[in-house]
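Residue-level listing of the chains:
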There are 2 protein chains.
Amino acid sequence: MPELDLKTYLSQRVTFVDAALERFLPAADTRPASLHAAMRHSVFAGGKRLRPILCLAAAEACGGTRERALFAAGAVECLHTYSLIHDDLPCMDDDDMRRGVPTCHKVYGEAVALLAGDALQALAFELVARTPVTHRHSPADMVTLLARTAGSLHLVGGQVADLEGEGKKLPLEDLRYIHESKTAALLTASVKLGGMSADATPEQMQALHDFGMATGLAFQIIDDILDVTQTSEKLGKSAGKDVATEKSTYPALMGLDASRAEAHRLTDAAHAALEVFGPNGVWLRALADYLLQRDY
Amino acid sequence: MPELDLKTYLSQRVTFVDAALERFLPAADTRPASLHAAMRHSVFAGGKRLRPILCLAAAEACGGTRERALFAAGAVECLHTYSLIHDDLPCMDDDDMRRGVPTCHKVYGEAVALLAGDALQALAFELVARTPVTHRHSPADMVTLLARTAGSLHLVGGQVADLEGEGKKLPLEDLRYIHESKTAALLTASVKLGGMSADATPEQMQALHDFGMATGLAFQIIDDILDVTQTSEKLGKSAGKDVATEKSTYPALMGLDASRAEAHRLTDAAHAALEVFGPNGVWLRALADYLLQRDY
């Protein structure tokens, strides 16, 4: 996969996803204007759209179209953005910058930021429910998957475990649980929802599950590594935060080299999962490589 | 409708709804335990279950069963509870007491309370998506209704408008928008979701819509009145808060007598909407009367 091709692919997909999000979100002057401006501030704050792009690529790997996967792609980005807005609030991680711009509550205040996150979660479910029904999967099935992913056993549960683990040296098993819940679960849901929109077979769904879990955990391990090795300017957010808050991370528990090796091992597992898709899995494979090719 | 019968009905319905919520919520010791304990703290904090009971009654008014409406009933209660938890947070209304017990963040801290609310919103969508499909309505249709109700144009939008209206004397039209968005929208969704679970006809859906909007607005006007006329002990939450924070309320804008008259007028409109159901609407009618029979 030539580097130029992936860049073009990503750029085109970002444009495609952004145009959809532009339609999916109420206009910034919709009443109440502060709320809709806040939602748009965070949704259009320069995110790389990795989750929706993975969702679209998974749909195509299963023989579907990106058009049918678009509601699910918008949904996972809205859900991801809501979780970032809430994570950044003062009572949580208390972050001032995100993706190189001020966080939602720094611009719109805590109350409106909290509510913008709440509204984005609701919008995620409204969007995914609009997916056309397929032979094997109903939009209600997709809502169920997204809701379980977003709920107390995965996304939110991982966030609580993460907060409660601050300042403690966690066993690696607990850290893995946090990373799987906070990050891998939503990446996995992203590809599975794409697959469902494309009438994926049980075998394809299992492959997307394995691919998502491996890629998601690898992605989070790299995120841990980048926090140690990169500057705030390059990250577009406060760097060294994990060390400052004594958070358990893969580098802290395993060291940098072992963490890098684990990320590579997981990428191999992700590649293996994609074999079932044959040539249709080429972009999912390229995306997994891209996630590991970040400068760590 | 004899008073004793309604009391027995409500008591039986609370027991029925509570038993369902007990099954729907993960056990309090499910990992992470603090999160699940916080969710249960607020869900089982003595709520009257008005929304789920209205949902079940609407299903029966349309010839359906309470069993088929049960997922929707649980969903609206989870959504309502999430909105209360977030409303009570320090950056919002900053309330210490709710339904006579300490608010979620007073017991579990702000971060866990915020996340418990987030998880309850996700659970609401997981539950409503489990409703069996009917001829006219799919669970995805129900998710769409619940998501729009919960989102930036209704529940969350009304909350933002409410916050931004504090300390201002709002036009009555704006106050009505806030009450309709914050309160009437979810009551309306509660009865419409019950109807959808029972394969309601378009005529029945319209009647439930009209009933819900009239009852919901009346309910909120009475809530405004009670804040002026009742003690904190009787309300189970801080009284006089609206006056203290200079919030616009119906009594402040119209006076107490006109507010009471408006509540009664809306009840009549609610009654009129129920005519289409004939004798099957008897409990919805009794519930509307009950909402107005609170001691104001």
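Definitions and limits used
- Residues numbered from 1 in each chain as written.
- Chains lettered and ligands numbered in written order.
- Predicted model: local features only at pLDDT ≥ 70, side-chain atom pairs only at ≥ 80, totals over all residues.
- Heavy atoms only, no water.
- Helix = DSSP H or I, 4+ residues; strand = E, 2+ residues; numbered from the N terminus.
- Rg over C-alpha atoms; globule rule 2.2 N^0.38 Å.
- Buried < 20%, exposed > 50% of the residue type's maximum accessible area, 1.4 Å probe, protein only.
- Contact = heavy atoms within 4.5 Å.
- Lys, Arg positive; Asp, Glu negative; His and termini not counted.
- Charge placed at Lys NZ, Arg CZ, Asp CG, Glu CD.
- Expected span 1.5 Å × (residues − 1).
- Bend = angle between axes of the 7 residues up to and from the residue.
- Phe/Tyr/Trp six-rings, centres within 6.5 Å; stacked < 30°, edge-to-face > 60°.
- Lys NZ or Arg CZ within 6 Å of the ring centre and 35° of its normal.
- Buried area = accessible area lost by both parts, 1.4 Å probe.
- Salt bridge = Lys/Arg side-chain N within 4 Å of Asp/Glu carboxyl O.
- Polar contact = N/O pair within 3.5 Å; in protein donor to acceptor, adjacent residues only side chain to side chain.
- Nonpolar A, V, L, I, M, F, W, Y, C, P; charged D, E, K, R; others polar.
- Least-squares fit on C-alpha atoms with pLDDT ≥ 70 in both.
- Core = buried A, V, L, I, M, F, W, Y, C linked by side-chain atoms within 4.5 Å.
- Patch = residues over 30% accessible without salt bridge, like charges linked within 9 Å, V, L, I, M, F, W, Y side chains within 5 Å.
- Areas by Shrake-Rupley, 256 points an atom, 1.4 Å probe, with all protein chains shown as cover.
- Axes fitted to C-alpha atoms, helices over the stretch in contact; angles between N-to-C directions.
- Parallel < 35°, antiparallel > 145°, perpendicular 65-115°, else oblique.

1. A word on the overall build of chain A
Summing up its helical and strand segments, chain A has 15 helices and two strands in all. Its C-alpha atoms give chain A a radius of gyration of 18 Å, within 12% of the compact-globule value 19 Å for 296 residues. Counting only C-alpha atoms, chain A reaches 50 × 50 × 40 Å along its principal axes. Classification of the 296 residues of chain A by burial places 60% in the buried group. Excluding contacts between residues fewer than 6 apart, the proportion of contacts in chain A whose partners are at least 24 apart in sequence is 73%. For chain A, the centre of its 29 positive side-chain charges and the centre of its 39 negative side-chain charges are spaced 4 Å apart.

2. Topic: helix H4 (residues 66-88) of chain A
With 23 residues, H4(A) extends 31 Å between its outermost C-alpha atoms, agreeing within 8% with the 33 Å of an ideal straight helix rising 1.5 Å per residue. At A:Ala72, H4(A) shows its largest bend, some 30 degrees.

3. Some words on helix H14 (residues 256-273) of chain B
Residues and elements named next belong to chain B. Along its 18 residues, H14 runs 26 Å from first to last C-alpha, staying within 8% of the 26 Å computed at 1.5 Å per residue. Along H14, the residues that are buried comprise Ser259, Glu262, Ala263, Leu266, Thr267, Ala270, His271 and Ala273. Next to the buried residues of H14 lie helix H9 (172-197), helix H10 (202-229), helix H13 (250-254) and helix H15 (282-292).

4. Here we look at the packing of aromatic side chains
For the structure on display, the rule yields five aromatic pairs over all chains. Between the aromatic rings of A:Phe125 and B:Phe125, the centroid separation amounts to 4.5 Å while the plane-to-plane angle is 10 degrees, which identifies the pairing as stacked. In this pair, A:Phe125 sits in helix H6 (residues 110-128) while B:Phe125 sits in helix H6 (residues 110-128), so the two residues belong to two different chains. Above the face of the B:Tyr177 ring, A:Arg31 is positioned so that its terminal group lies 3.8 Å from the ring centre. Seen from the ring of B:Phe24, B:Arg23 lies directly overhead, with NZ or CZ sitting 6.0 Å from the centre.

5. What to know about the interface of chain B and chain A
Across the contact, 44 residues belong to chain B and 44 residues belong to chain A. Contact between chain B and chain A buries roughly 3,500 Å² in total, counting both sides, with carbon and sulfur atoms accounting for 70%. Inspection of the region where chain B meets chain A yields four salt bridges. Ionic pairing is found between A:Arg31 and B:Asp174, a salt bridge with its closest N-O pair at 3.3 Å. Where chain B packs against chain A, one counts twelve residue pairs in polar contact (both at pLDDT 80 or more). A total of eleven residues in the side of chain B that touches chain A trace back to one element, the largest contributor, which is H6(B). Residue classes in the side of chain B that touches chain A are distributed as 27 nonpolar, ten polar and seven charged.

6. Observations regarding the relation of the copies chain B and chain A
Think of it as a corkscrew move, a rotation about one axis and a shift along it, taking one chain copy to the other. For the pair chain B and chain A, the superposition axis carries a translation of 0.0 Å, the fit reaches an RMSD of 0.0 Å, and the rotation angle comes to 180 degrees. Taken together, the rotation and translation describe the operation of a two-fold axis. Relative to the rotation axis, the closest C-alpha in chain B is found at B:Ala140, a distance of 2.5 Å. Comparing interface residues between copies, 100% of those in chain B also lie at the interface in chain A; the contact surface is shared.

7. Observations regarding the nonpolar core
Grouped together as the largest cluster of nonpolar side chains are 193 residues, with contacts concentrated most on A:Leu284 and B:Leu284. Aside from chain neighbours lying at most four places away, what touches A:Leu284 is A:Leu54, A:Ala57, A:Ala58, A:Ala61, A:Val191, A:Leu208, A:Phe211 and A:Leu274.

8. A word on the pattern of salt bridges
Residues and elements named next belong to chain A. Summed over all chains, the structure comprises 30 salt bridges over all chains. For the salt bridge of Lys106 with Asp96, the shortest nitrogen-to-oxygen distance reads 3.9 Å. Note that Lys106 is positioned in helix H5 (residues 104-108) and Asp96 in the loop between H4 and strand E1 (97-98), a separation of ten residues in sequence. Judged by relative accessible area, Lys106 falls into the partly exposed class, the value being 49%. Overall, the relative accessible area of 38% leaves Asp96 in the partly exposed class. Linked by salt bridges that have partners in common, Asp18, Arg49, Glu77 and Arg99 make up one network.

9. A word on a negative patch on the surface
Taken together, the side chains of A:Asp94, A:Glu110, B:Asp94 and B:Glu110 make up a negatively charged region of the molecular surface. You can see A:Glu110 is positioned in helix H6. Judged by its relative accessible area of 32%, A:Glu110 falls in the partly exposed class.

10. Remarks on the side chain of A:Thr249
On the secondary structure map, A:Thr249 appears in the loop between helix H12 (241-244) and helix H13 (250-254). A distance of 3.0 Å separates the side chain of A:Thr249 from the backbone nitrogen of A:Ala252, its partner in a polar contact.

11. So, unusual backbone geometry
Glycine aside, negative phi is the norm for most residues, and most peptide bonds take the trans geometry. Residues and elements named next belong to chain A. With omega at -5 degrees, the peptide bond leading from Arg31 into Pro32 counts as cis. Here Pro32 is to be found in the loop between helix H1 (3-24) and helix H2 (33-43). We note that Arg99 has phi near 55 degrees; this positive angle belongs to a residue other than glycine. Within the secondary structure, Arg99 sits in the loop between E1 and strand E2 (101-102).

12. Here's the deal with the environment of B:Gly167
Along the chain, the position of B:Gly167 falls in the loop between helix H8 (155-165) and H9. C-alpha of B:Gly167 to C-alpha of B:Asp96: the two residues are 71 residues apart in sequence and 21 Å apart in space.

13. With respect to the packing of H14(B) against H15(B)
All names here are of chain B. Packing of H14 against H15 leaves a shortest axis separation of 10 Å and a crossing angle of 175 degrees. By the criterion of interaxial angle, the relationship of H14 to H15 is roughly antiparallel. Residues Ala263, His264, Thr267 and His271 of H14 lie in contact with H15, whose contacting residues are Arg285, Asp289 and Leu292. Considering only residue class, the contact of H14 with H15 consists of two nonpolar, three polar and two charged.

14. Topic: the side chain of A:Ser248
All names here are of chain A. Following the sequence through the fold, Ser248 ends up in the loop between H12 and H13. Note on Ser248: relative accessible area 11%, which makes it buried. A distance of 2.8 Å separates a polar side-chain atom of Ser248 from the backbone oxygen of Lys168. A polar atom in the side chain of Ser248 sits 2.9 Å from the backbone nitrogen of Leu170. If sequence neighbours within four positions are ignored, Ser248 has contacts with Lys168, Lys169, Leu170, Leu175 and Leu253.

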